[in-house]
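# Survey of secondary and tertiary structure
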Amino acid sequence: MASKKTTAAKTNTMSLPVSGIAPYKEKKGEEYMNKDQKEHFRKILLAWKQELMEEVDRTVGHMKEDAANFADPADRATQEEEFSLELRTRDRERKLIKKIDEAINDIESGDYGYCEACGIEIGIRRLEARPTATLCIDCKTLQEIKEKQMA
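Rules used in this analysis
For every chain, the first residue of its written sequence is number 1, and the numbers climb from 1 along that sequence. In view of the model being predicted, local features appear only for residues whose pLDDT reaches at least 70, and side-chain atom pairs are presented and counted only at 80 or more, with totals across whole chains, interfaces and linings using the full set of residues. Hydrogens and waters are ignored; side-chain quantities use all the structure's heavy atoms. A run of H or I in DSSP counts as a helix once it spans at least four residues, and a run of E counts as a strand once it spans at least two, with each numbered from the N terminus. Three labels apply to residues, based on accessible area from a 1.4 Å probe with only protein chains included: buried if under 20% of the type maximum, exposed if over 50%, partly exposed otherwise in between. Note that accessible areas follow from Shrake-Rupley with a 1.4 Å probe, and for residues the cover is restricted to the protein chains shown. What counts as an axis is a line fitted to C-alpha atoms, over the stretch in contact for a helix, and the angles between N-to-C directions run from 0 to 180 degrees. Angles below 35 degrees are treated as roughly parallel, those above 145 as roughly antiparallel, those between 65 and 115 as roughly perpendicular, and all remaining angles as oblique. Helix crossings fall into two classes, left-handed where the near helix is turned counterclockwise from the far one by less than a right angle and right-handed where it is turned clockwise. The salt bridge definition used is simple: a Lys or Arg side-chain nitrogen within 4 Å of an Asp or Glu carboxyl oxygen. Residue contacts follow a heavy-atom distance rule, with two residues in contact if any of their heavy atoms lie within 4.5 Å. Ring pairs shown here join Phe, Tyr and Trp side chains whose ring centres sit within 6.5 Å, with only the six-membered ring taken for Trp; geometry is labelled stacked below 30 degrees between planes, edge-to-face above 60, and tilted in between.

## Things to note about the overall build of the chain
Counting its regular elements, the chain contains five helices and zero strands. Starting at the N terminus and walking to the C terminus, you meet the elements of the chain as α-α-α-α-α. Residue burial in the chain is summarised as follows: out of 151 residues, 28% are buried. Summed over all atoms, the accessible surface of the chain reaches about 10,700 Å², with 53% contributed by carbon and sulfur.

This is the structure in structure tokens:
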């Protein structure tokens, strides 16, 4: 019996993009994207954005402090490759910050949580997993199938 409880506890635990914010607990009969839900997702998005911005600051500081003009070409190449990887990661995060800002704007406009393609509810659990989602799972699956066929 203990193993069933452990399994249930593991399946109910959800990993959010931001640690420290508990998953939203839906109340029976509550309206989709009500004030509480919008505030929950705004909180997640703002905390996620803050974490990404802090990472940008750490990268800038790291690059300033660790930039050295090594005499050995191999050491120089290693450092440049390391910086290049960091910058590519920050570029992906910059794009993610833009999506986070768009999601926050969607919350303000009342469009957040609804599929851009078909207009149905995206769903609380999907938004918990990917707060910047703009497509419901069916439309996203179709998009991925089309992308595979085009590749």
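From this point, things continue past the structure.
## Re the packing of helix 2 (residues 35–66) against helix 3 (residues 73–109)
Put simply, helix 2 and helix 3 touch, their axes get as near as 10 Å, and they point 155 degrees apart. The angle between helix 2 and helix 3 falls in the class roughly antiparallel. In terms of crossing hand, the pair formed by helix 2 and helix 3 is left-handed.

## Overview of the pattern of salt bridges
Under the counting rule described, the total for this entry stands at 11 salt bridges. In this structure, R42 engages E39 in a salt bridge whose closest nitrogen and oxygen atoms are separated by 3.3 Å. Highlighted residues: R42 and E39, both in helix 2, separated by three residues, approximately one helical turn. The residue E55 makes a salt bridge to R58 at a minimum N-O spacing of 2.7 Å. Residue E55 and its partner R58 are located together in helix 2, separated by three residues, close to a single helical turn. The partly exposed category is assigned to E55, whose relative accessible area is 25%.

## Focus on the environment of A117
Within the element layout of this structure, A117 appears in the loop between helix 3 and helix 4 (124–129). Overall, the relative accessible area of 58% leaves A117 in the exposed class. For the pair A117 and K140, spaced 23 residues apart in sequence, the C-alpha to C-alpha distance is 9.2 Å. Sequence-distant contacts of A117, defined by excluding residues within four places in its chain, comprise L135 and C139.

## Quick word on the packing of aromatic side chains
Scanning the model with the defined rule gives two aromatic pairs in all. Centroid distance Y32 to Y114: 5.3 Å. Interplanar angle 85 degrees. Geometry classified as edge-to-face. Of this pair, Y32 sits in the loop between helix 1 (2–12) and helix 2 while Y114 sits in the loop between helix 3 and helix 4, and the two are 82 residues apart along the sequence. Given the relative accessible area of 11%, Y32 is considered buried. With a centroid separation of 5.6 Å and an interplanar angle of 50 degrees, the aromatic rings of F41 and Y112 are classed as tilted. One end of the pair, F41, is in helix 2; the other, Y112, is in the loop between helix 3 and helix 4, and 71 residues separate them in sequence. Per residue, the accessibility class of F41 equals that of Y112, and both read buried.

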